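This is what each chain is made of:
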Amino acid sequence: MCCHDEHAHIQTAINASLPNVTIFATGGTIASQGSSNTQTVGYQVGLGVQQLVDAVPEILNISNIAGYQISNVDSGSVNQTILLKLAHQINSELARDDVSGVVVTHGTDTLEETAFFLQLAVNSTKPVVVVGAMRPATALSADGELNLLQAVTLAVSDNAKGRGTMITLNDRIGSAFYTTKNNANSLDTFFSTEAGQLGFFINQVPYFYYAPSVPIGLTHFDLANATSLAHVDILYAHQDMDPALFNASYALGAEGLVFAGVGAGGISSKASEAAEGLFNATGIPIVASHRSVDGFVPSTDESFTIAAGFYNPQKARVLLQLALTMDYDYDEIKNLFALGYPKP
Ligand SMILES: NC(=O)C[C@H](N)C(=O)O
């Protein structure tokens, strides 16, 4: 039996009657400390995976923990090197019979991008749980410890299998496909857009609303041989958007673009002309998403853009990145996005 892996950065004492969970720590507020217990902005990342686990001894009542320190950064600095490392290591960890599930500790600012990426890049029915905190570990009423306990609880829960990558914070369990950060500061910031709330913790027991199901449009990408991800940028639409941004992004190396459109994927006529000019000249895929927190961009046959459907700009970017990384052509990319909104 498992489990003393010499490559694990940490390994708790093995209790053979408990399941094994691997934690991948990347940084964020959950791993941060302030200079006082009232400081809730301007704190510093620095706690390692050992300290995160040590702070919640209750975890050891439900699992043995192996922990890897993948990075220790604010999530705004999570990059494709970290993402690919996570995907490769999580896939190999979950392939082991003796591992029940994995937890990724992460800053909340871009947590949804990593969770969505893992949903597409990890191929397993075992739980993958991405967790963070909104208050640093030193704060009064810090939320990280209970969130981490709940994340490990989910990782060992039979009921959590077959639900893809999940995000849990503040008692809520959401699908990585649809969960988004809705408030830059408040504790209860992660809730799902229309489709994705899966369940809730009551007294640290996860209760699910539905049997396991797969989000419509879910595609798995095998990134085993990928060493980098395609360059995709997001442009933010607004009044008087500078049309030159499209060509400028291409000149800076973008292989695909997503724009966060006004309303259901709109941009000004001048910006649209510039985007169409770029598309006609280069053929790079340009995906229309929405800058509103929630919503849907419908496809139109006439448009040169690819409609993002329900994907918000940051998730549309991840999907486009993976498609381009795997050499999908334009029509395949269009079909890939359309999988998210099949015609009834
Ligand atoms: N609450 C957080 O984790 C925010 C932090 N700045 C991060 O995303 O890393």
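Nothing here was measured: the structure is a model prediction, and the numbers come from that model. (Residues numbered from 1 in each chain as written. Predicted model: local features only at pLDDT ≥ 70, side-chain atom pairs only at ≥ 80, totals over all residues. Heavy atoms only, no water.)

(A) Quick look at the sheet that holds strand E17 (residues 306-307). What the 4 strands build is an open sheet, ordered E14-E15-E16-E17; its pairing is parallel. Every other strand in the sheet has two partners, leaving strand E14 (232-236) and E17 as the edge strands with one partner each. Two strands pair when backbone bridges link them, and strand E16 (residues 286-290) and E17 are joined in this way by 2 bridges, in the parallel orientation. Opposite Val 287, over in E17, you have Ile 306 as the bridge partner. Set on the sheet, helix H7 (residues 313-325) makes contact with E14, strand E15 (256-261) and E16; between it and E15 the angle comes to about 165 degrees. (Pairing = 2+ DSSP bridges. Helix = DSSP H or I, 4+ residues; strand = E, 2+ residues; numbered from the N terminus. Contact = heavy atoms within 4.5 Å. Axes fitted to C-alpha atoms, helices over the stretch in contact; angles between N-to-C directions.)

(B) Main features of the UniProt feature "active site" (unreviewed entry) in the protein chain. Within the UniProt annotation, "active site" (unreviewed entry) is assigned to Thr 29 and Thr 108. Taking the farthest pair of C-alpha atoms as the criterion, the annotated set spanning 80 residues converges on one region, since that pair is 7.5 Å apart. Residues that both appear in the annotated list above and line the largest pocket are Thr 29 and Thr 108. Following the sequence through the fold, Thr 29 ends up in the loop between strand E2 (20-25) and strand E3 (32-33). Using a relative accessible area of 8% as the deciding quantity, one classes Thr 29 as buried. Apart from the residues within four sequence positions on either side, Thr 29 is in contact with Tyr 43, Gly 107, Ala 133, Met 134, Arg 135, Pro 136 and Ala 137. Residue placement: Thr 108 occurs in the loop between strand E6 (101-105) and helix H3 (111-121). Excluding residues within four positions of it along the chain, Thr 108 makes contact with Ser 75, Gly 132, Ala 133, Met 134, Leu 169, Lys 181 and Phe 190. (UniProt positions renumbered as here; feature names shortened; annotations may be inferred. 1 Å grid on protein atoms, 1.4 Å probe; cavity = no way out; pocket = protein on both sides within 12 Å on 5 of 7 lines; lining within 4 Å. Buried < 20%, exposed > 50% of the residue type's maximum accessible area, 1.4 Å probe, protein only.)

(C) Seen up close, the UniProt feature "domain: Asparaginase/glutaminase C-terminal" (unreviewed entry) in the protein chain. Within this structure's numbering, the places UniProt gives as "domain: Asparaginase/glutaminase C-terminal" (unreviewed entry) are residues 231-337. The distance separating the terminal C-alpha atoms of residues 231-337 is 18 Å; by composition the span is 40% helix and 17% strand.

(D) Region of interest: the side chain of Thr 26. For Thr 26, the position within the fold is in the loop between E2 and E3. Leaving out residues up to four positions away in the same chain, Thr 26 has contacts with Ile 70, Ser 71, Asn 72, Val 73, Leu 86, Val 104, Thr 105, His 106 and Gly 107.

(E) Looking closely at the packing of helix H5 (residues 244-251) against helix H6 (residues 269-282). As a packed pair, H5 and H6 sit with axes 7 Å apart at the nearest point and diverge in direction by 35 degrees. Counting all contacts with H5, which are made through Phe 246, Asn 247 and Tyr 250, the residues of H6 involved are Ala 271, Ala 274, Ala 275, Leu 278 and Thr 282. Within the contact of H5 with H6, the residues separate by chemical class into 6 nonpolar, 2 polar and no charged. (Nonpolar A, V, L, I, M, F, W, Y, C, P; charged D, E, K, R; others polar.)

(F) Representation of H6 within the structure. Taking 1.5 Å of rise per residue, the 14 residues of H6 would be expected to cover 20 Å, and the 20 Å separating its terminal C-alpha atoms lies within 8% of that figure. Among the structural elements, H5, E15, E16 and helix H8 (330-338) are those in contact with the buried residues of H6. Among the residues trailing H6, Gly 283 stands out with phi positive, at a value near 75 degrees. (Expected span 1.5 Å × (residues − 1).)

(G) Focus on the site of the ligand. As a structural note, the neighbourhood of the ligand is formed by Gly 28, Thr 29, Asp 74, Ser 75, Gly 107, Thr 108, Asp 109, Ala 133 and Met 134. Within the complex, the protein chains bury 90% of what would otherwise be the 270 Å² of accessible surface of the ligand. Residue composition of the shell around the ligand, by class: 2 nonpolar, 5 polar and 2 charged. (Near = heavy atom within 4 Å. Areas by Shrake-Rupley, 256 points an atom, 1.4 Å probe, with all protein chains shown as cover.)

(H) Examining the nonpolar core more closely. Of all hydrophobic cores here, the largest spans 70 residues; its most connected members are Ile 90, Phe 117, Leu 118, Phe 246, Ile 286 and Phe 337. Counting the residues that make up this core, at least three belong to each of domain 1 (10-208) and domain 2 (232-338). Ignoring any residue separated from it by four or fewer positions in sequence, one finds Phe 337 in contact with Val 287, Ile 306, Ala 307, Ala 308, Tyr 311, Ala 316, Leu 319 and Leu 320. The next biggest cluster of nonpolar side chains, apart from the first, holds 27 residues, and it includes Val 21, Ala 25, Val 56 and Ile 173. (Core = buried A, V, L, I, M, F, W, Y, C linked by side-chain atoms within 4.5 Å. Domains from an automatic or database assignment.)

(I) Structural context of the layout of surface pockets. A volume near 310 Å³ is recorded for the largest pocket. Lining the largest pocket are 16 residues, and of these Thr 29, Thr 40, Tyr 43, Met 134 and Ala 184 lie nearest its centre. Its residues assigned to classes, the lining of the largest pocket comprises 5 nonpolar, 7 polar and 4 charged. If you add up the space inside the second largest pocket, you get close to 250 Å³. Forming the walls of the second largest pocket are 17 residues, and the residues nearest its centre are Val 78, Asn 79, Leu 83, Glu 113 and Arg 317. Secondary structure elements with two or more residues in the lining of the second largest pocket: helix H2 (80-94), H3, E14 and H7. Looking at the lining of the second largest pocket element by element, the count peaks at 3 residues for H7. Among the residues making up the lining of the second largest pocket, the classes are represented as 6 nonpolar, 8 polar and 3 charged. Counting residues domain by domain, the lining of the second largest pocket receives three or more from each of domain 1 (10-208) and domain 2 (232-338). (Points joined across faces, edges and corners; volume = space filled by probe spheres on them.)

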